[in-house]
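What the coordinates show
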Amino acid sequence: STNSNNYFFDSVLFGSTMLDILHAEAKYTSRVGRVRDDYSFEKHTWVREKLDMSKAVFGTAEYIKDGLLPLTDYLGPSPWSDEMLGMMDDLWAYANVKWPYGVIPSSDIEVHGDLLQALARLYWFTGNPKYIEYATRVGDYYMLGGHHLTHNNTWLQLRDHGCEVLAGLVELYVALQYTDPTKHEAYRKPIHDMLDRILEVGRNEHGMLYNVIDPKTGKTPGGKKRKFASQLSDTWGYTYNAYYTVYLLDNTTAYRDAVRFVLSNLPHYPRYNWEPPNDAQDGHADSIEGAITLYNREPVAAAKAWADEDIHVLWSKQRNGGLIEGIHADGNFARTTIMYCLWKSLGATVQPWRSDVGVGAVPGMDGEVLLLVVATQPWDGSLFFDVPRHSLYYVRTRLCLSAGLAQSV
């Protein structure tokens with residue numbers, strides 16, 4: 001049966017409580033149009049009495065990129081994607097930061113990365129060219145405006161809270177191939193210069209990326225943050241995903257080789273503490289997600305074995321009662337766990353789900369799928385297979401595929 005149901009396991013919960021949560025969140029946290037702000041349940045009002053638009057924009061951009069965008073990748077059109085579109089539209093409707101290439105919502109580099117990633121995908125999702133126009137206001141600043149990330153910077157963060165812009169610029173680069181080939185060509189050398197320089201000075205002997213580099217000198221930045229800068233990035237996979245994307249687009253084989261190299265070296269990092277000194281679960285979650293994403297394209301056996309081991313390190317962080325750390329990063333734990341489980345079932349799910357029912361799948365020969373469903377008690381239900389979500393949900397991808405333009409990506 002085709003999985004046309006927009007939920008993972010519990011359809012009743014999805015259509016009731018989860019939808020109620022979305023509506024309540026929108027009601028209580030929308031402060032400037034649909035731009036969100038922090039709400040206090042204890043005070044029954046805003047955490048910050050006076051509006052700080054920069055903080056509201058930051059939180060909204062994070063909510064879109066880390067929360068609603070992955071949901072939309074999986075669910076397709078839904079009340080969650082509707083909310084995401086409204087939030088993004090209002091970020092730009094209330095934008096007030098004067099920028100060399102037009103007014104934008106923020107001057108923060110992490111927000112730029114969040115916006116670039118989300119805007120590129122919202123273009124594919126809706127076909128609306130305004131999202132590319134918004135994105136190029138940000139992208140042109142880095143690619144064409146004398147603020148290149150490796151030509152003009154002495155501090156380049158290759159982990160979260162900085163690396164988002166690298167992936168975002170690449171996602172815009174991909175979109176521009178179809179929307180504005182002239183600008184895409186103008187971005188080509190700056191994109192490759194950025195990626196080449198990071199490979200030259202930003203990784204260790206196993207291909208792992210450092211937290212921070214000085215791309216001009218090729219050295220670790222000094223000062224109080226030298227120790228942090230020299231540690232390894234847990235978001236290495238997100239950055240290497242940008243490399244693989246450019247490889248698919250431009251056939252730059254050195255970028256594919258770099259991805260395969262780092263995946264083959266993952267066994268050097270068993271139970272690695274990505275978030276010293278406390279070994280926070282978020283480091284394992286981010287690293288596992290990166291490995292799974294890249295393994296989908298390059299099935300290096302060492303990466304699979306590493307992810308199968310490290311997922312148990314992540315799961316060991318969960319407390320009795322379900323919480324992990326009791327903060328926002330618990331969402332990363334859930335997202336990574338769902339991603340891992342869908343990998344192990346090749347997207348197959350069952351209805352109704354029970355805790356004693358398990359489903360697993362592996363690729364067979366000639367495109368076959370070998371599937372196993374087990375239950376410790378008698379069970380009667382339906383098996384649902386995944387659908388080609390990106391070609392179904394992302395309208396511009398579908399149009400490019402029909403025209404033979406998106407075979408590589």
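My aim in this report is to walk through the structure given alongside it, one point at a time. The structure presented is a predicted model; accordingly, all values stated were derived computationally and were not measured. (Residues numbered from 1 in each chain as written. Predicted model: local features only at pLDDT ≥ 70, side-chain atom pairs only at ≥ 80, totals over all residues. Heavy atoms only, no water.)

Let's talk about the nonpolar core
If you look at the biggest cluster of nonpolar residues, it comprises 101 residues, and the most contacted ones within it are Met88, Ile191, Trp236 and Tyr240. Per-element accounting of this core gives the leading share, 10 residues, to helix α7 (residues 164-179). When near neighbours in sequence (up to four residues on either side) are disregarded, Trp236 contacts Met208, Leu209, Val262, Leu263, Leu266, Trp274, Ser287, Gly290, Ala291 and Leu294. (Core = buried A, V, L, I, M, F, W, Y, C linked by side-chain atoms within 4.5 Å. Buried < 20%, exposed > 50% of the residue type's maximum accessible area, 1.4 Å probe, protein only. Helix = DSSP H or I, 4+ residues; strand = E, 2+ residues; numbered from the N terminus. Contact = heavy atoms within 4.5 Å.)

Structural notes on the pattern of salt bridges
Applying the stated criterion across every chain yields a total of 29 salt bridges. In this structure, the salt-bridge partner of Glu133 is Arg137, at a minimum N-O distance of 3.0 Å. Pair noted here: Glu133 and Arg137 are both in helix α6 (residues 130-143), with a separation of 4 residues, about one helical turn. Look at Glu133 and you get partly exposed, because its relative accessible area is 37%. For Glu185, the salt bridge is made with Arg188, and the minimal N-O distance between the two is 3.0 Å. (Salt bridge = Lys/Arg side-chain N within 4 Å of Asp/Glu carboxyl O.)

With respect to the layout of surface pockets
Looking at the second largest pocket, its volume works out to about 450 Å³. Contributing elements (two or more residues each) for the lining of the second largest pocket: α2 (17-29) and α3 (53-75). A total of 6 residues in the lining of the second largest pocket trace back to one element, the largest contributor, which is α3. Here the residues of the lining of the second largest pocket sort into 8 nonpolar, 3 polar and 6 charged. (1 Å grid on protein atoms, 1.4 Å probe; cavity = no way out; pocket = protein on both sides within 12 Å on 5 of 7 lines; lining within 4 Å. Points joined across faces, edges and corners; volume = space filled by probe spheres on them. Nonpolar A, V, L, I, M, F, W, Y, C, P; charged D, E, K, R; others polar.)

Description of the packing of helix α8 (residues 181-201) against helix α10 (residues 236-250)
At their nearest, the axes of α8 and α10 sit 11 Å apart, and the two run at 135° to each other. As far as their axial angle goes, α10 and α8 are oblique. In this structure, α8 crosses over α10, and the sense of that crossing is left-handed. Touching His184, Arg188, Ile191, His192, Leu195, Ile198 and Leu199 of α8 are Tyr240, Tyr243, Val246, Leu249 and Asp250, all from α10. In terms of residue class, the contact of α8 with α10 is built from 8 nonpolar, 2 polar and 2 charged. (Axes fitted to C-alpha atoms, helices over the stretch in contact; angles between N-to-C directions. Parallel < 35°, antiparallel > 145°, perpendicular 65-115°, else oblique. Left-handed = near helix turned anticlockwise from the far one by under 90°.)

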